[in-house]
Structure formats: C-alpha cells, structure tokens
Amino acid sequence: MTAEKKMPNETKEWTSLREHYEELRGRRLKDLFAEDPERARRFSLEACGLYLDYSRNLIVAQTMELLFALARAAGVREEARRMFSGEKINSTENRAVLHVALRAPLGERIEVDGKDVVPEVHRVLEKMEGFARRVREGEWRGYTGRRIRNVVNIGIGGSDLGPNMACEALRAYGQKDLRVRFVSNVDGTHFVEQTRDLNPEETLFIIASKTFTTLETMTNAHSAREWCLARLHDPAAVSRHFVAVSTNRSGVAEFGIDPANMFEFWDWVGGRYSMCSAIGLPIMLYIGPKRFREMLAGFHAMDRHFAEAPLESNLPVIMALLGIWYVDFFGAQTHAVLPYDQYLYRLPAYLQQADMESNGKSVDREGRRVSYHTGPVLWGEPGTNGQHSFFQLLHQGTHLVPADFIGFCRSLNPLGDHHDKLMANFFAQTEALAFGRSAEELRGEGVDEKLIPFRTFEGNRPTNTILAERLTPEVLGAIVALYEHKIFVQGVIWNINSFDQWGVELGKILAKKILSEITDESVPLGHDSSTNALLSRYRARRRKD
Ligand code: F6P
C-alpha cells in the first residue's frame, strides 16, 4: 500500500517557509534595497522577449531558495514532463493536457494513446490557413456573391475569451476592412447589438464550441441562423455564412453546418487553453496566417523556456512561486494584472478564466478537502485608467494585493509624448507601491501635521514588472504561455487538478430545471422560499410589456 501523499502544508519545505515568513514579515522593501545594491539584478531575468523584474517582492535570496525547494518537493519538473509527454494528467476527466502540442513545430513528436498528434495539429492549421486566405482575399464570398466584411464569433468561455482578447491585443495587425465581433452572452442584447449594423450578405459566423452543446452558444447560433435566413431566405445560404469550430462532429452536422466547414480540435485541449487551436480562427482571419504563426512561435518559445530553463531562471516558475508566497503565507486573496497598454484591455478578463477556472479548487488530486488556500481572485484593468479608480486601495487599503505590471518600451501608436507619459506612470506606480512615503519625508516637505496620517504611504506593496519591447503577436504568445505555465506550476504545488471545472456544472443543471418551470407555469415550484418567491414574481411579470 502506498502512503497517503502529504498535503503541501504538511511538508518540511512548507514549514521552513512558514518560519521564514515569521522572520521576514517585518522587513521593509526600502531596507532590503538599501542593504543589497545588487537586488534589482539579482531578482530579474529575461526570456522570450520578456524582461521580468521581481525585485519589488517581499523576498530575500533565502525566500527564493525555500520556494524553489518547495517546487522541487512537489515534483514540478516531473509533472511538467508528464504534461508535455501526453500523459492523462487531467485525472477526473481521464484526459491528456496538451495545449503545448498546438504550437509544436512539425517534426516534434507528442503522443496521446500512442498516436503522434503534431501532424493532426498542422493539418488543421493548414486547413484554417487556406480558409483564412480565401476569406481575406475575397475568394470565399457570401451566398449572394458579396465579399465577407464581418466575422462574428459565437462562443463563450474558452471559446470566446482567448480570440476576443487576442483580436483586441493585435488590432494594430488586423485587416482593416474586416470587422471581427464576438457574441457570448445568452442575453439577446449581445447578439442584437453586435449584429445591428451588419449586412447578413457580408457576414460570416463562426460557431465555436468544444462540446457544441453549450446553452449560450447554441441559443445564439440558432438566432444567428434565423437572422441570416430572414434576409437570404434559402437554407442553402447557411453553408456560405456558417463555419464551426468544435470537437463534436455530429453536433455540428446536426446543427446544419457542413462538416467540410468544420475546423476540429481535440479533447486534450482544455477550453481555456484553446486559443492556439482552431478556436483561434477569428484571430487568424483578422491578422492573417503569417502573424498567427508568429503568435504560435511566441507560445512555443515560452513552452521551451518553461520545459528547459532551470527552476531558478524560469519565468513561469518564479511567478508561480511568488503567487503562492502571497496567497499561502501573507494571506493575499486577490492578484491584480495591470497591463499598461490599451490593446491588452481584455487580458485580465481572459486570465480570469485561465486562472480561476483552473485553480479555483478546494479538493486536491486525491479528493481530499485542502487545508490551505489555492487560486486567488484575479482581476485588473489597463493603466493608467486603474490609477483613477482602484489604485487608492492598492496604495493605502488594508488588503495586500500583489500585482503584475505589464508594459512596452515602444508604442504601436506613437502619438506625441503619450507613450512616455504612459510609461512614466507605469514606473512611478511600482516605485510608489514599493517604497511609499513616510511621515518623516512628509514633515520634511512641510506637510501639515494633521494631514500626515492621511498622506502617508506605507509602501511594501509587492509587484512584478514585465517589460517587453513592443506588443507583437510573438510577444503576446509569450505572455499568455507565461501565465498558462504559471497556473500549471501553482496547481502542481497545491496538488489540485487545474484542468477540470466541475464547479460550473451545478448552476447549469439548476438553470435547465428553472427554465422549464418558467416556460411551463403549471409546474409547481419546489425550491427554497427565496427562489420560489423570485420565480413567482418573474412568472407574473415577464411578459407584461
Ligand atoms: O462552463 C464552463 C465551460 O465549460 C468552459 O470551461 C468552456 O470554456 C466554456 O464552458 C465553453 O464550452 P464550449 O466550448 O464547450 O461551448
């Protein structure tokens, strides 16, 4: 019989970290920098076009050594090897986790159940490329012969957030006469507003759903078909205006989309890890196959870095360990991602699913309730907007909010001195968060004594700074893969399955039942008193206007 695996917080590595935390917690970043002139150099590194400065974290060299020891004890390297080699590490769904295969070059061999999946990946990529070229060059036309001017992606969660985020992030590289829109919400407002000004004759719908059963997506897809046929009348038009991205061939055929117009992916691609698969079709249509390949190359470079670099100089590993340091030792409950680039305004939303659906778990891989904290609440907004909104709390609130600042040396839209002003704020914020402003400094500046408590900044608020040269498709790929692997490492250390999402199921089941009760008022309501009262009220009023 094998001994039960220890929980991470029962290991000697965790105990050492706890003791170390007690010694370190009173230390100030200001003093740590004063004591070690090499600190910025010591705690920074560069890989895949990203420069990471993590010196403004509440750490000393020993902290990192202890964290690396924790990673080693958890078997981070071995688990990564298992993922990269196609083992079924998603144990509750008995699936391999191989988003890394989606960006592996042809010739690399990655097997699932003894079959090399890389040639399949490239076959679909080529099919996507052929299609993207035809649409972009006007060869693929609508039913009435008009050029496709609008692409509307219908999908939700992983079938929406990645392509949506990337199309916004890479707008500077997008085809100017092609509009790409996204409809995800089952709220009819989303569909109506996103299609209001579009001509169905010039519109291509991509129905993106791994399962092809998701309520929101299927509802929007049916509305899209009606919207299209209301103008085109002939059901034969569907094949010119609808394509599908899915793992469910029969579901696609049942909906009425020609399987020849289906771009497939596989059950070993998790929804939230799928933007490099055919789910990325809107990205490819918008930025073109060449740029899409550049994005994949950025992902792949980070995959190689993660797989090969020693833990001590491994970007995702370091960011993962710092995250654990704050969640489990400092008690941080949230983590902010703050891109100083307007193009990245959807990145926090994208990372919310990637991180929170992956590591928002309270049961470990053995099925035991964990006795430590796992994934934090992830949130964020682009700078400088956030500065005029929630930064007050970051600077002077009672919660510790570790934050990642992401910025670029060169703007894609050089306009007067905008970029220098943006970046001056970027650098100023992390400096202010780390070092604050003391009462003595304020007195030295002659600040009224009564205002000193209000104008004091404690500092000691930890941040990572990620600085890249320019936002290119390649750099975007590297950034996303950095977070994917960070999430993976944290899941390994917390000993949770980062690749299932059972927590979203209950709501879906209840909604199905409630929907039938709403539409058939003869069904007696058998819920709790609160739900019953709300449903009765809704039933009575829902069609009054
Ligand atoms: O409900 C959660 C979820 O299953 C996500 O994990 C997934 O990305 C999303 O729904 C959409 O699923 P599908 O691509 O199968 O429509």
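Residues numbered from 1 in each chain as written. Predicted model: local features only at pLDDT ≥ 70, side-chain atom pairs only at ≥ 80, totals over all residues. Heavy atoms only, no water.

S.K.: For this particular structure, what's the right way to read the overall build of the protein chain?
M.R.: Each helix and strand counted, the protein chain has 22 helices and 13 strands in total. The C-alpha radius of gyration computed for the protein chain amounts to 25 Å, which stays within 12% of the reference 24 Å derived for 545 residues, consistent with globular compactness. For the C-alpha atoms alone, the extent of the protein chain along its principal axes is close to 75 × 70 × 60 Å. Within the span of the protein chain, comprising 545 residues, buried residues form 54% of the whole. When contacts within the protein chain are restricted to residue pairs at least 6 apart in sequence, those whose partners lie at least 24 apart make up 74%. (Helix = DSSP H or I, 4+ residues; strand = E, 2+ residues; numbered from the N terminus. Rg over C-alpha atoms; globule rule 2.2 N^0.38 Å. Buried < 20%, exposed > 50% of the residue type's maximum accessible area, 1.4 Å probe, protein only. Contact = heavy atoms within 4.5 Å.)

S.K.: Whenever I open this one, the sheet that holds strand 11 (residues 377-379) confuses me. Can you help?
M.R.: Strands belonging to one sheet form pairs held by backbone hydrogen bonds; the direction of such a pair is parallel or antiparallel. Pairing is mixed in the open sheet, where six strands are placed in the order 1-2-13-12-10-11. Sheet topology places strand 1 (44-47) and strand 11 at the edges, where each strand pairs with a single neighbour. Recorded for the sheet is a direction-independent mean angle of 15 degrees between the axes of neighbouring strands. By the bridge criterion, six bridges tie strand 12 (residues 403-408) to strand 13 (residues 463-468) in an arrangement that is parallel. In the strand pairing of strand 13, F408 is matched with A468. (Pairing = 2+ DSSP bridges. Axes fitted to C-alpha atoms, helices over the stretch in contact; angles between N-to-C directions.)

S.K.: Looking at this structure, I do not really get the packing of helix 1 (residues 12-24) against helix 14 (residues 315-330). What am I missing?
M.R.: Working note: a packed helix pair is described by the angle between its axes plus the distance between those axes. Their axes nearest at 11 Å, the elements helix 1 and helix 14 cross at an angle of 80 degrees. Considering the angle they form, helix 1 stands roughly perpendicular to helix 14. Where helix 1 abuts helix 14, its residues W14, L17, R18, H20, Y21 and L24 lie against W325, D328, F329 and F330. Residue classes in the contact of helix 1 with helix 14 are distributed as seven nonpolar, one polar and two charged. (Parallel < 35°, antiparallel > 145°, perpendicular 65-115°, else oblique. Nonpolar A, V, L, I, M, F, W, Y, C, P; charged D, E, K, R; others polar.)

S.K.: Explain the site of the ligand to me, please; I cannot follow it from the model alone.
M.R.: Neighbouring the ligand are 14 residues, the closest being G158, S159, S209, T211 and T214. Here T211 contributes a side-chain N or O atom positioned 2.6 Å from an oxygen atom of the ligand. Separating an oxygen atom of the ligand from a side-chain N or O atom of E357 is a distance of 2.7 Å. Taking a 2 Å distance to the grid points as the criterion, the majority of the atoms of the ligand fall inside the largest pocket. Classifying every residue of the shell around the ligand gives two nonpolar, nine polar and three charged. (Near = heavy atom within 4 Å. Polar contact = N/O pair within 3.5 Å; in protein donor to acceptor, adjacent residues only side chain to side chain. 1 Å grid on protein atoms, 1.4 Å probe; cavity = no way out; pocket = protein on both sides within 12 Å on 5 of 7 lines; lining within 4 Å. Sits in = over half its atoms within 2 Å of the grid points.)

S.K.: How should I be thinking about the pairing of strand 5 (residues 150-154) in this particular structure?
M.R.: Sheet faces and side chains relate simply in a regular strand, where the side chains alternate between the two faces. Most of strand 5 is tucked away: five of the five residues are buried. What you see with strand 5 is no split at all: N150, V152 and I154 on one side and V151 and N153 on the other are buried throughout. Sheet topology places strand 5 next to strand 6 (residues 179-183); five bridges connect them, and they run parallel. Paired with I154 across the two strands is V183, which belongs to strand 6. The parallel pair strand 5 and strand 6, bridged by helix 7 (residues 161-169), forms a crossover whose chirality is right-handed. Bridge analysis of strand 5 against strand 7 (residues 203-208) gives five bridges, and the strand direction is parallel. For N153, the partnering residue across the bridge sits in strand 7 and is I206. (Right-handed = clockwise from strand over helix to strand, strands pointing away.)

S.K.: How do you make sense of the pairing of strand 10 (residues 334-339) when you look at a structure like this?
M.R.: Burial analysis of strand 10 places five of its six residues in the buried class, which makes it a mostly covered element. Examined bridge by bridge, strand 10 and strand 11 share three bridges and lie parallel to one another. Across the sheet, H335 pairs through a bridge with L378, a residue of strand 11.

S.K.: How do you make sense of the packing of helix 4 (residues 61-74) against helix 14 when you look at a structure like this?
M.R.: It is at 10 Å that the axes of helix 4 and helix 14 come closest, and there the two elements cross at 100 degrees. Accordingly, the angle class assigned to the pair helix 4 and helix 14 is roughly perpendicular. On helix 14, the residues that touch T63, M64, L67, F68, L70 and A71 of helix 4 are V317, I318, L321, L322, I324 and W325. Of the residues contributing to the contact of helix 4 with helix 14, the split by class is eleven nonpolar, one polar and no charged.

S.K.: Can you walk me through the side chain of S498 in this structure?
M.R.: For S498, the location among the structural elements is in the loop between helix 20 (473-494) and helix 21 (505-519). Among the residues examined, S498 registers a relative accessible area of 2% and is labelled buried. Of the polar contacts made by the side chain of S498, one reaches the side chain of N359; its length is 2.7 Å. Ignoring any residue separated from it by four or fewer positions in sequence, one finds S498 in contact with R272, Y273, S358, N359, K361, I487 and G491.

S.K.: What exactly am I supposed to notice about the sheet that holds strand 8 (residues 242-246) here?
M.R.: Overall, parallel pairing links the five strands, which are arranged 6-5-7-8-9 in an open sheet. Since the sheet does not close on itself, it has two edges, and those belong to strand 6 and strand 9 (262-264), each with one partner. Going across the sheet, the axis of each strand differs from the next one's by a mean of 20 degrees, ignoring polarity. This element, helix 9 (residues 215-232), spans strand 5, strand 6, strand 7 and strand 8 of the sheet and lies at about 160 degrees to strand 7.

S.K.: What's the story with unusual backbone geometry in this structure? I'm lost.
M.R.: One can expect most non-glycine residues to show negative phi and most peptide bonds to be in trans. Here the residue pair G383 and T384 is connected by a cis peptide bond, since its omega of 5 degrees sits within 30 degrees of zero. You can see T384 is positioned in the loop between strand 11 and helix 16 (391-396). In this model, N94 sits at a positive phi of 50 degrees, which is unusual for a non-glycine residue. Along the polypeptide, N94 turns up in the loop between helix 5 (76-84) and strand 3 (111-112). The exposure class of N94 is exposed, given its relative accessible area of 51%. At N495, a position not held by glycine, the phi torsion is positive, near 55 degrees. Note that N495 resides in the loop between helix 20 and helix 21.

S.K.: Is there a simple way to explain the side chain of Q387 in this structure?
M.R.: In this structure, Q387 sits in the loop between strand 11 and helix 16. Not counting residues up to four positions away in its chain, the partners in contact with Q387 are Y340, N425 and Q429.

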